[in-house]
Amino acid sequence: MDRRTALKHSALIALLGIIDVKKLFAAPANNSEIRSFHKFNLGKLELKVVTDGHILMKPVQPNFAPGISSAVVEKTLDANFASKSEVDLSINILVVQSGSRTILIDTGCGANFGQDSGWLIENLVHAGIKPSEVTDIVISHAHPDHIGGLTDKDGQITFPNAKVHMSRIEHDFWMNGSPDFSKSKLTDEALKKMVVTIARKNITALKPQLNLLEDGAEILDCIRIKLAPGHTPGHCVVQVFSGQESLYHVADLVHSQVLVFEHPEWGFEGDTDFDLALKSRRKVLNELAMSRALVFSYHLPWPGLGHVRKQGQGFEWIQQPAALPD
């Protein structure tokens, strides 16, 4: 195409109102919005998702669907084009910026799970947030991949100026006596011991900054917690709201968009009370499906945003696509 023809085509496009003709020939701009995080708005709030890395769980069973026929589980995985050997869990950290407050929901793994995780601090800096600028941290529950980032490898507090908010029930479970795992399907005693040790270490270190919450508590003018017990006794769904808009952070209600959505009853080995977690999972997923609410998931594929849809006796995860690459 010669220049004259190109200009005619450009004029036609402009006439139709499809595009600003000047932009067709403009030099590429220096784009400061190229970033390694996902940013979006919820009402008047600015939200960001940053990654703490990932956790590779293998084999699939008994981590998922303990006690279910392996042939049935593999058939489900195959039907969904999913790996039959492993489940790769994202670690998606939600950051809420409300006025002068910078709020984290959970803190990732810290230095507890090797090089594939513990990336939170670096990625917060990429997102323009220094650890010292974090004013509040909401802990959904005290498992190592959610509470581990509160301290570094030397046991020093990572976010020195942040108040830490968590369920009183969750706090008391880990700190009082011997946590009861009798209703869990988890049999690895060393893993149980590690989970308890990391929870107590971090809760103890943050005691001066700790604010214990009751079910339904509303804090910071944009956060409401709702108990969804089973995964742990004080496991919470965190509602982020601004005006009439809401997002529901479901934490560890679900770990797999295939297995636990389609078959909520198959469950997860790491649930402290397996049967109670099943009831909470069904109840919350049904509420989210009925309301068509925006959902944020800690462990589903990046950036963890989507919706829940009812499907047969189970549910389906509808991923909200991210328009820009990370």
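Attention now moves to the nonpolar core. Counting residues in each nonpolar core, the largest one holds 62 residues, and the members touching the most others are Phe64, Ile137, Trp174, Leu259 and Val308. Once residues lying within four places of it in the same chain are set aside, the contact partners of leucine 259 are Val60, Phe64, Val73, Thr76, Leu77, Pro264 and Trp266. Membership of the second largest hydrophobic core comes to 24 residues, among which are Leu47, Cys236, Val240 and Leu294.

Taken across its 12 residues, strand β3 (residues 87–98) has 11 buried, putting it largely inside the fold. The pairing of strand β2 (residues 45–57) with β3 spans 10 bridges and is antiparallel. Considered in β3, the bridge of glutamate 46 is made with glutamine 97. Where β3 meets strand β4 (residues 101–105), 5 bridges bridge the pair, whose relative direction is antiparallel. Residue valine 95 lies in a different strand from β4, and its bridge partner there is leucine 104. Here β3 folds back onto β4, and the loop between the two strands holds 2 residues, one of which, glycine 99, carries a positive phi near 60 degrees.

With mixed pairing, 7 strands are arranged side by side in an open sheet as β8-β9-β10-β11-β12-β13-β14. Looking at the sheet topology across the chains shown, the edges are occupied by β8 (218–219) and β14 (314–319). For strand β13 (residues 305–311) and β14, the ladder comprises 6 bridges, and the chain directions are antiparallel. Residue pairing across strands places arginine 309 opposite glutamate 316, the latter belonging to β14. Against the sheet, helix α9 (residues 274–291) touches β9 (223–227), β10 (236–242), β11 (245–249), β12 (294–296), β13 and β14, its axis set at about 100 degrees to β13.

So, about unusual backbone geometry. Omega for the bond connecting lysine 58 with proline 59 falls within 30 degrees of zero, at 0 degrees, which places this linkage in the cis form. With respect to the helices and strands, the residue proline 59 is situated in the loop between β2 and α3 (70–79). A cis amide bond links tryptophan 302 to the next residue, proline 303, at an omega of 0 degrees. Positive phi, close to 60 degrees, is recorded for leucine 220, a residue that is not glycine. With respect to the secondary-structure elements, leucine 220 resides in the loop between β8 and β9. Phi is positive for alanine 251, close to 50 degrees, though the residue is something other than glycine. Examined against the element boundaries, alanine 251 turns out to sit in the loop between β11 and α8 (259–262).

So, on to the side chain of serine 256. Following the sequence through the fold, serine 256 ends up in the loop between β11 and α8. Of note is the side chain of serine 256, whose polar atom sits 3.2 Å from the backbone nitrogen of valine 258. With residues up to four places along the chain from it excluded, the contact list for serine 256 reads Phe64, Phe261 and Leu300.

All right, on to the sheet that holds strand β1 (residues 38–42) then. Strands sit in the order β1-β2-β3-β4-β5-β6-β7 across an open sheet of 7 strands; the sheet is mixed. Single-partner strands in this sheet number two, and they are β1 and β7 (210–213). Here the strands of the sheet are splayed against their neighbours by 25 degrees on average, with no regard to which way each runs. Inspection of the sheet shows β1 paired to β2 by 5 bridges, in the antiparallel sense. Within β2, the residue paired with leucine 42 across the bridge is leucine 45. Along the sheet face, helix α6 (residues 168–175) touches β6 (163–167) and β7 and points at about 85 degrees away from the line of β6.

We now examine the environment of glycine 43. With respect to the helices and strands, the residue glycine 43 is situated in the loop between β1 and β2. It is 5.1 Å that separates the C-alpha atoms of glycine 43 and serine 242, two residues lying 199 residues apart in sequence.

With that settled, the discussion passes to the confidence of the model for the protein chain. Looking at the protein chain as a whole, its pLDDT mean stands at 90, while 88% of the residues score no less than 70. Note that pLDDT drops below 50 for residues 3–31; the model gives that stretch 11 contacts with residues more than four away or on any other chain.

One pass over the structure, following the stated rule, counts 13 salt bridges. When the shortest N-O distance is used, the salt bridge between glutamate 46 and lysine 48 registers 3.8 Å. Accessibility expressed as a relative area gives 27% for glutamate 46, which makes it partly exposed. Its salt-bridge partner being arginine 101, residue aspartate 136 comes within 2.8 Å of it at the nearest N-O pair. With aspartate 136 in strand β5 (residues 136–139) and arginine 101 in strand β4, the pair connects residues that are 35 residues apart, well separated along the chain. On the basis of relative accessibility, which here comes to 1%, the residue aspartate 136 falls in the buried class. In the salt-bridge network here, residues are joined through shared partners; they are Lys226, Lys283 and Glu287.

Calculation notes
- Counting restarts for each chain, with residues numbered from 1 along the sequence as it is written.
- Given that the model is predicted, a residue must reach a pLDDT of at least 70 before its local features are reported, and side-chain atom pairs must reach 80 or more before they are shown or counted; all residues, however, enter totals for whole chains, interfaces and linings.
- Side-chain numbers here rest on the full set of heavy atoms in the structure, without hydrogens or water.
- What is meant by a nonpolar core is a set of buried Ala, Val, Leu, Ile, Met, Phe, Trp, Tyr and Cys residues, joined one to another through side-chain atoms within 4.5 Å.
- Only protein chains enter the accessibility calculation, which uses a 1.4 Å probe. A residue is then buried if its area is under 20% of the maximum for its type, exposed if over 50%, and partly exposed in between.
- Should any heavy atoms of two residues lie within 4.5 Å, those residues are counted as being in contact.
- Secondary structure counts use DSSP, requiring at least four H or I residues in a row for a helix and at least two E residues in a row for a strand, with both numbered from the N terminus.
- Paired strands are those between which DSSP finds at least two bridges.
- Angular values range over 0 to 180 degrees, each being the angle between N-to-C directions of two axes fitted as lines to C-alpha atoms, with helices fitted over their stretch in contact.
- Polar contacts, as counted here, are pairs of nitrogen or oxygen atoms within 3.5 Å of one another; within protein the pair requires one atom able to donate a hydrogen and one able to accept it, and residues that are adjacent in sequence qualify only if both atoms are side-chain atoms.
- As a per-residue quantity, pLDDT reports the predictor's confidence and falls between 0 and 100.
- In what follows, salt bridge is the name for a side-chain nitrogen of Lys or Arg lying within 4 Å of a carboxyl oxygen of Asp or Glu.

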